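# Chains, contacts and geometry: an overview
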Amino acid sequence: MSALTDPRGAVEELTRPEGWVLGVSVAFLLFLFVALLTGALGPTYFLFLVGLAGMYALLSFGLNSQWGFAGLINFSVAAFFGVGAYGAALFTASGSPLAELFEGVPLIPSLLGLPVVGLVVGLAVAFVLAILIGIPTLRLRADYLAIASLGLAEVVRLIVLNERWLTNGSAGVRGIPGFFAGWPVLGTFPEAMPGLRLEVIPGSPVLLETAFWRASLNVLLVLAFAGGVYFVLRRAHRSPWGRVLRTIRSDEDLARALGKDTYSFKMQSFVLGSLVMALAGVFYTHLNLYVGPGDLDPITTFYAWVAVILGGSGSNRGALFGGIVIVTIREGTRFLNDVALPIDPAPLRLLLIGVVIIAVMRYRPQGVLPPQRELIWPSAVDGGGAPESPDSGVRERKGGGGDE
Amino acid sequence: MSEGALAKQDPVLAVDDLQKSFGGLAATDHATFGVERGTITGLIGPNGAGKSTLFNLISGFYEPDGGTVEVNGTDVTGMEPYEVAEHGLIRTFQTPRKLEGMTVREAMLVGPREQPGESFHRLFTSPGTVAESESANLAEAERILAEFEIDHLATQPATDISGGQMKLVELARAMLAEPEVLLLDEPVAGVNPTLAKKLKSQIRRLNEQGTTFLLIEHDMEFVMDLADPIVVLDQGHVLTEGTPEGVRNDDRVIDAYLGGGA
Ligand SMILES: Nc1ncnc2c1ncn2[C@@H]1O[C@H](COP(=O)(O)OP(=O)(O)OP(=O)(O)O)[C@@H](O)[C@H]1O
Ligand SMILES: [Mg+2]
């Protein structure tokens, strides 16, 4: 990659917003680093936040592959997230009602407690749910999916809240193991690691103990999930498949006239996005080790939408960026508790998000990191001998931020 | 089948007794006609005669109330647009369609049908095949853009080009879908005379290479020069069909344009 061999050139090639994002990120990382060293930010809690950021990135990836790619309006992000979370939780938790339900049934009890099984079940349920909601709505105008998904989110939440025999109702599910429980090496890694004590600044030592190592495994897991998903989505986005979706987003009739089975493409995009959201839910279960009906509140859907619009609809790196910003705002406002403020941080958080959205819509309606202007399968552009930068196609014009 | 379609030796498109009404308005009123393979057939008629509605019925965008549409001898009545396209019929729209966020050549690449890269799993199981076909399609797109003398627009944003250039791109893209019969809805509406001349010569050239055309156009000079035969539509039904000369001198046609057919 050119960024490694020629870092200066790579930086110079960035568009203005890209450079801006890079600068702010570096400053933010430095700030976090200092906070970690001085003990102002506990390392275990920091890793938890990284996990949370990865989870929001996954949610944004999922929504981006529906709304950003194909223009599908899905207001049930929380439902697909919840299905993944509850699927994983119910199949792995020690206190799961499923253990009682399946007592005496062959095979199934031996599968309970295995996180991989929970993962598969969570994704499978999301898959079925996505198809069921897609069949009646994706043939109709875009608004029907929006309305149906709004209803779906509430239905799933109410089922989780009220079907106590299956979900434990409002008590939620406890006793969830880490994702790597029972794995060779990784399963016992946190306990096996020695406790470390770093004292960079005299008097405020930084302790790295079992909880820290457990949290670093979670970070590893979310990096694997998010990295894998990013790889898949990036390839899909640049492919002829992604191009059909973008055509549908801008003008579905044109895609139909050119012989594309738009219903099938929309279904694929919807299912793909829903699976990614469920994956975020699975990860959350093993990160938080507790899930409750509150996790299905519409606020999760709201955050995912904000992240995608903020980052730039249709852009995978934008979704990643948006996800991180959301977690920063969500968790950063907690620290404001320490500072005496005349206002409660909870409403302040929403206010802050509102201000950010308005600012973005006003000054950069396409989002902070919108997709590249041209998306063609990379090697095809190389082979064609086109003058554009080979790896990334045509980028946004330099300094293309200000339309004013 | 009635006479209009039967009269053709080798119809690539046959429309028989097609009907469609919106509320009380019969937009298509027992329309019957055929398009002979290898021709450039014109479709004219006053505003509101039902020309665009007919295109929508033929290409599967509207469901007819009655009658049949055959493409290449296959009954495609009631099929989805993409299925009609699979039988070799591609259409363009009266108002140009913009593809937001795409460059011109990228928008062109939507044209080719059945690309291996349109199948999600093949992106991962056979990326080599996908890359090969993408390279071939890109080369073909750039070749057609060059033939249309708009290759300098290739990497422009598709939304930044003029209305006339957009019409050229639409025609070029439709050609990438390799249609046997191409339906053009007012290809030179709003296009300046120079570009219109260019479009005309492109259509003629593509026709000589084997594509059949059915085109709606209000520009009489354009259509009379290019098309033969010409089908005249009035209030949803076929008034007459004939050579440009014959149509021009037909009193019923003159009446339809002047007096609303009363
Ligand atoms: N979707 C629709 N719903 C209701 N009425 C319609 C619809 N589409 C067309 N019509 C009506 O059907 C009639 C024929 O319309 P159409 O667009 O086919 O005419 P046209 O011959 O293409 O006209 P023009 O030359 O102005 O494009 C008009 O009276 C129009 O108002
Ligand atoms: Mg019309």
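Residues numbered from 1 in each chain as written. Chains lettered and ligands numbered in written order. Predicted model: local features only at pLDDT ≥ 70, side-chain atom pairs only at ≥ 80, totals over all residues. Heavy atoms only, no water.

### Points about the sheet that holds strand 7 (residues 181–185) of chain B
Residue and element names in this part refer to chain B.
- Strand order across the open sheet formed by six strands is 6-7-8-3-9-10, with mixed pairing between neighbours. Looking along the sheet, the strands with just one partner apiece sit at the ends: strand 6 (89–91) and strand 10 (237–242). Averaged over all pairs of adjacent strands, the angle between strand axes in this sheet comes to 20°, irrespective of strand direction.
- Set on the sheet, helix 7 (residues 163–176) makes contact with strand 6, strand 7 and strand 8 (212–216); between it and strand 7 the angle comes to about 160°. (Pairing = 2+ DSSP bridges. Helix = DSSP H or I, 4+ residues; strand = E, 2+ residues; numbered from the N terminus. Axes fitted to C-alpha atoms, helices over the stretch in contact; angles between N-to-C directions. Contact = heavy atoms within 4.5 Å.)

### Examining the domain arrangement of chain B
Residue and element names in this part refer to chain B.
- Taken as a whole, chain B is organised into domain 1 (3–97 + 168–258) and domain 2 (99–158).
- If you average the C-alpha positions of domain 1 and of domain 2, the two centres end up 28 Å apart.
- Each partner contributes to the interface: domain 1 provides 18 residues, whereas domain 2 provides 15 residues.
- When the buried surface of domain 1 facing domain 2 is broken down by residue, V169, R173 and L176 rank first, second and third, together holding 40% of it.
- In this structure, the salt-bridge partner of E147 is R205, at a minimum N-O distance of 2.9 Å.
- Between domain 1 and domain 2 we count six residue pairs in polar contact (both at pLDDT 80 or more) in total.
- Secondary structure elements with two or more residues in the side of domain 1 that touches domain 2: helix 3 (81–86), helix 7 and helix 8 (193–208).
- Residue composition of the side of domain 1 that touches domain 2, grouped by class: ten nonpolar, two polar and six charged. (Domains from an automatic or database assignment. Buried area = accessible area lost by both parts, 1.4 Å probe. Salt bridge = Lys/Arg side-chain N within 4 Å of Asp/Glu carboxyl O. Polar contact = N/O pair within 3.5 Å; in protein donor to acceptor, adjacent residues only side chain to side chain. Nonpolar A, V, L, I, M, F, W, Y, C, P; charged D, E, K, R; others polar.)

### Structural notes on the sheet that holds strand 5 (residues 74–75) of chain B
Residue and element names in this part refer to chain B.
- If you trace the four strands from one edge of the open sheet to the other, you get 2-1-4-5, paired in antiparallel fashion. Two strands bound the open sheet, and with one partner strand each, they are strand 2 (25–36) and strand 5.
- Pairing geometry for strand 1 (residues 11–22) and strand 2, over eight bridges, is antiparallel. For L18, the partnering residue across the bridge sits in strand 2 and is A31.

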